[in-house]
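Understanding the architecture of this molecule
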Amino acid sequence: MTADAGLVRDILDRIENGLAACGGDGVAEVRERLAAQDFSDAAFRMPAPAAKPVVRVLDKTLKALKAMDAGMADALSAAAPALHWAQSASYSDDILGEGFSQNYAWAQLVGGDGFFAGDDFQLGLLLLGPDRHYLDHYHPAPELYWPLTPGSLWRKGGSDFVERQQGEVIWHPSMVTHATITRKQPLLAVYVWTRQTETSARLCALDETAKA
Ligand SMILES: [Fe+2]
């Protein structure tokens, strides 16, 4: 099955309905911004597919997603060959730990290299391999994360790390620092940048280096 507008709209509907069912900070804003986007057939375009090493764990994460939404797991599996996986240009193993670049990537469904261009709005997938620490970072865009796999740990604003459940809504207001840790289970999460999407994420460690 190849990706088409109907398949991607089905994924977006499942995400919206799932978020609405879960509720929490940021859900209303995400739904408002989703409603403002053009997801018509005319706006659909196929990404230029691009893989990254961490895509090796995608099937494992989709198996875990089946427990939460088997239909979404099947739809993401069908769309997967078309995804353009990418990494943030300022991220390096020197800062994030040896092998991080082998264990991290994101793919946009909306915005950038995604299936729809988006209007100052990005929605995509984050993949993080096992036993990784995605260090504190921040960005102007308010951000919602929705883990599709269980057992990841998250913190914001320098608080202690808290284990988040599969399907729990995590909201990061603009410029608030946040970090993520995985254990044995790799992480697949939906992320949404609701506005102010033109500025990339910045690692706090780079600010420390700049001050030194
Ligand atoms: Fe973020």
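Structural data are supplied above this passage.
Residues numbered from 1 in each chain as written. Predicted model: local features only at pLDDT ≥ 70, side-chain atom pairs only at ≥ 80, totals over all residues.

This brings us to the overall build of the protein chain. Check the secondary structure of the protein chain and you find five helices and 11 strands. Rg of the C-alpha trace for the protein chain: 16 Å, near the compact-globule value of 17 Å for 212 residues, within the 12% margin. A total of 212 residues make up the protein chain; the buried ones form 37% of that total. Nonlocal contacts in the protein chain, meaning residues at least 24 apart in sequence, comprise 75% of its contacts between residues at least 6 apart. (Helix = DSSP H or I, 4+ residues; strand = E, 2+ residues; numbered from the N terminus. Rg over C-alpha atoms; globule rule 2.2 N^0.38 Å. Buried ≥ 20, exposed ≤ 12 C-beta atoms within 10 Å, placed from the backbone. Contact = placed C-beta atoms within 7 Å.)

On to the packing of helix α1 (residues 5-22) against helix α2 (residues 27-35), then. Taken N-terminus to C-terminus, the directions of α1 and α2 make an angle of 150°; their axes are 10 Å apart at the nearest point. With respect to each other, α1 and α2 are oriented roughly antiparallel. For the pair α1 and α2, the crossing hand works out as left-handed. Each of L12, E16, L19 and A20 in α1 lies in contact with α2, whose residues at this interface are V27, V30, R31 and L34. Along the lines of polarity and charge, the residues of the contact of α1 with α2 split into six nonpolar, no polar and two charged. (Axes fitted to C-alpha atoms, helices over the stretch in contact; angles between N-to-C directions. Parallel < 35°, antiparallel > 145°, perpendicular 65-115°, else oblique. Left-handed = near helix turned anticlockwise from the far one by under 90°. Nonpolar A, V, L, I, M, F, W, Y, C, P; charged D, E, K, R; others polar.)

Right, let's talk about the pairing of strand β2 (residues 104-110) for a bit. Burial analysis of β2 places seven of its seven residues in the buried class, which makes it a mostly covered element. With two bridges joining them, strand β1 (residues 85-86) and β2 adopt antiparallel strand pairing. In the strand pairing of β2, W85 is matched with A107. Two strands pair when backbone bridges link them, and β2 and strand β3 (residues 122-128) are joined in this way by six bridges, in the antiparallel orientation. The partner of Q108 across the bridge, within β3, is G124. (Pairing = 2+ DSSP bridges.)

Counting buried positions along β3 yields seven of seven residues, so the element is predominantly enclosed. In this structure, β3 lies alongside strand β10 (residues 187-193), joined through seven bridges in antiparallel fashion. Across the sheet, residue G124 finds its bridge partner in β10, namely Y191.

It is worth spelling out the sheet that holds strand β6 (residues 152-156) at this point. Strands sit in the order β7-β6-β9-β4-β11 across an open sheet of five strands; the sheet is antiparallel. What marks the edges here is a single partner per strand, and that holds for β7 (162-164) and β11 (202-203). Where β6 lies against β7, three bridges are found, and the strand directions are antiparallel. In the sheet register, W154 faces β7, and the bridge partner there is V162. Sitting on the sheet, helix α5 (residues 204-211) touches β4 (133-138) and β11, and the angle it makes with β4 is about 70°.

Because each turn of an α-helix spans 3.6 residues, side chains separated by three or four positions end up pointing in the same direction. Every buried residue of α2 is listed here: V27, V30 and R33. Summarising the axial view, the buried residues of α2 lie within an arc of 130°, below the 170-degree limit, and thus occupy one face. Facing away from the buried side of α2 by over 90 degrees, the exposed positions are A28, E32 and A35. On its buried face, α2 sits against α1, β5 (143-147) and β10. (Arc of directions from axis to C-beta.)

A few words now on the sheet that holds β3. With antiparallel pairing, the six strands of this open sheet are ordered in space as β1-β2-β3-β10-β5-β8. The open sheet is flanked by β1 and β8 (170-172), the only strands paired with a single partner.

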